[in-house]
Amino acid sequence: AWRVRQARHKCASGSARASRRRAPLLAPALTHPSSFPRLVWTLVHSTWASDARRGRELAEALAADPAADPRAARDLLYLQAVAAHKLGDNVGARRLLAGLLADSPHCRQALALKAAADDAVVRDGLVGLGVGAALLAGAAFLIAGVARRA
C-alpha cells in the first residue's frame, strides 16, 4: 500500500517535472511546431511556479513570432494569461485577457478566467483595505493614548 501511495504522489506532483527528465528522449519530437503549444500548456498548468514562469516566457517568445498563425497566437495569449493568474499577477492577466476578448469576445475560457482574475483583484484589494484600516486604527489608539497622558 505504501508503494501505491508513493507512486500516486509521484504522478500527482506534475507531469512537467517528469517531462524535464525525459527531455533528451523527447528532443526529436520537440522539433515539430505543434509540440510547442502543448509544452506551454503543460508548463502553465503545472503546480510548480517555476514551470508556470517558464511556460509564460515560452508563450511570450512564441507569440512574438510574426509568422505565427492568428489562432495559435490567440491560444498563446490565453496561456500567458493563465500563467499570470497562477503566478498571482491578476492585473497582468486582466490586461492580457482584455486584449484577447477584444479580438474574440465569445471565448468562454477567457471570460471565465477574467471573472476569476477580477475576483482575485477584488479579494486582494479588500485584504489591502483591511490591513490599512487596522494600521489606521492602531495609529488612532496610539495617538489617543498619548493625548490622555498629556
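Residues numbered from 1 in each chain as written. Predicted model: local features only at pLDDT ≥ 70, side-chain atom pairs only at ≥ 80, totals over all residues. Heavy atoms only, no water.

Q: Which residues make up the overall build of the chain, and what values do they have?
A: What the chain contains, in helices and strands, is eight helices and zero strands. Along its sequence from the N terminus, the chain presents helices and strands in the succession α-α-α-α-α-α-α-α. In the chain, the share of contacts with a sequence separation of at least 24, taken over all contacts with a separation of at least 6, comes to 53%. Of the roughly 10,500 Å² of accessible surface on the chain, 63% is carried by carbon and sulfur atoms. (Helix = DSSP H or I, 4+ residues; strand = E, 2+ residues; numbered from the N terminus. Contact = heavy atoms within 4.5 Å. Areas by Shrake-Rupley, 256 points an atom, 1.4 Å probe, with all protein chains shown as cover.)

Q: Would you mind going over the packing of helix H4 (residues 35-44) against helix H5 (residues 49-63) in detail, with residue names and values included?
A: At their nearest, the axes of H4 and H5 sit 7 Å apart, and the two run at 150° to each other. Viewed along their axes, H4 and H5 adopt a mutual orientation that is roughly antiparallel. By crossing handedness, the relation of H4 to H5 is classed as left-handed. Contacts from Phe 36, Leu 39, Val 40, Leu 43 and Val 44 of H4 reach H5 at Asp 51, Ala 52, Arg 54, Gly 55, Arg 56, Leu 58, Ala 59 and Leu 62. Its residues assigned to classes, the contact of H4 with H5 comprises nine nonpolar, one polar and three charged. (Axes fitted to C-alpha atoms, helices over the stretch in contact; angles between N-to-C directions. Parallel < 35°, antiparallel > 145°, perpendicular 65-115°, else oblique. Left-handed = near helix turned anticlockwise from the far one by under 90°. Nonpolar A, V, L, I, M, F, W, Y, C, P; charged D, E, K, R; others polar.)

Q: How would you summarise the nonpolar core if you had to cite specific residues and measurements?
A: Counting residues in hydrophobic clusters, the biggest one holds 16 residues, and the most contacted among them are Val 40, Val 44, Tyr 78, Leu 97, Ala 110 and Leu 113. Broken down by secondary-structure element, the contributors of at least two residues to this core are H4, helix H6 (70-86), helix H7 (90-103) and helix H8 (108-149). Sorting elements by how many residues they give to this core places H6 first, with six residues. Once residues lying within four places of it in the same chain are set aside, the contact partners of Tyr 78 are Leu 97, Leu 100, Gln 109, Ala 110 and Leu 113. (Core = buried A, V, L, I, M, F, W, Y, C linked by side-chain atoms within 4.5 Å. Buried < 20%, exposed > 50% of the residue type's maximum accessible area, 1.4 Å probe, protein only.)

Q: Any details on the side chain of Ser 46? Residues and values, ideally.
A: Relative to the elements of secondary structure, Ser 46 occurs in the loop between H4 and H5. Of the polar contacts made by the side chain of Ser 46, one reaches the backbone nitrogen of Trp 48; its length is 3.2 Å. (Polar contact = N/O pair within 3.5 Å; in protein donor to acceptor, adjacent residues only side chain to side chain.)

Q: Before we move on, could you go through the pattern of salt bridges and cite the residues and values that matter?
A: For the structure shown, the criterion picks out five salt bridges. Residue Glu 60 is joined to Arg 56 by a salt bridge in which the shortest nitrogen-to-oxygen separation is 3.6 Å. Taken together, the residues Glu 60 and Arg 56, both in helix H5 and four residues apart, mark about one turn of the helix. In this structure, a network of salt bridges that share partners links the residues Arg 56, Glu 60 and Asp 89. (Salt bridge = Lys/Arg side-chain N within 4 Å of Asp/Glu carboxyl O.)

Q: Give a detailed account of the confidence of the model for the chain, specifying residues and quantitative values.
A: For the chain, mean pLDDT is 78; residues scoring 70 or higher make up 74% of the total. Across the chain, the secondary-structure element scoring lowest on mean pLDDT is helix H1 (residues 2-12), at 45, and the one scoring highest is H7, at 91. The low-confidence segment residues 1-13 (pLDDT under 50) makes two contacts with residues lying over four places distant or belonging to another chain. (pLDDT = per-residue confidence, 0-100.)

Q: Residue-level account of the packing of H5 against H6, with values.
A: It is at 9 Å that the axes of H5 and H6 come closest, and there the two elements cross at 155°. When the interaxial angle is binned, H5 and H6 end up roughly antiparallel. Pair H5 / H6 crosses with left-handed handedness. Residue-level contacts link Ala 52, Arg 56, Ala 59, Glu 60, Leu 62 and Ala 63 of H5 to Leu 76, Gln 80, Ala 83 and Ala 84 of H6. For the contact of H5 with H6, the residue count by class is seven nonpolar, one polar and two charged.

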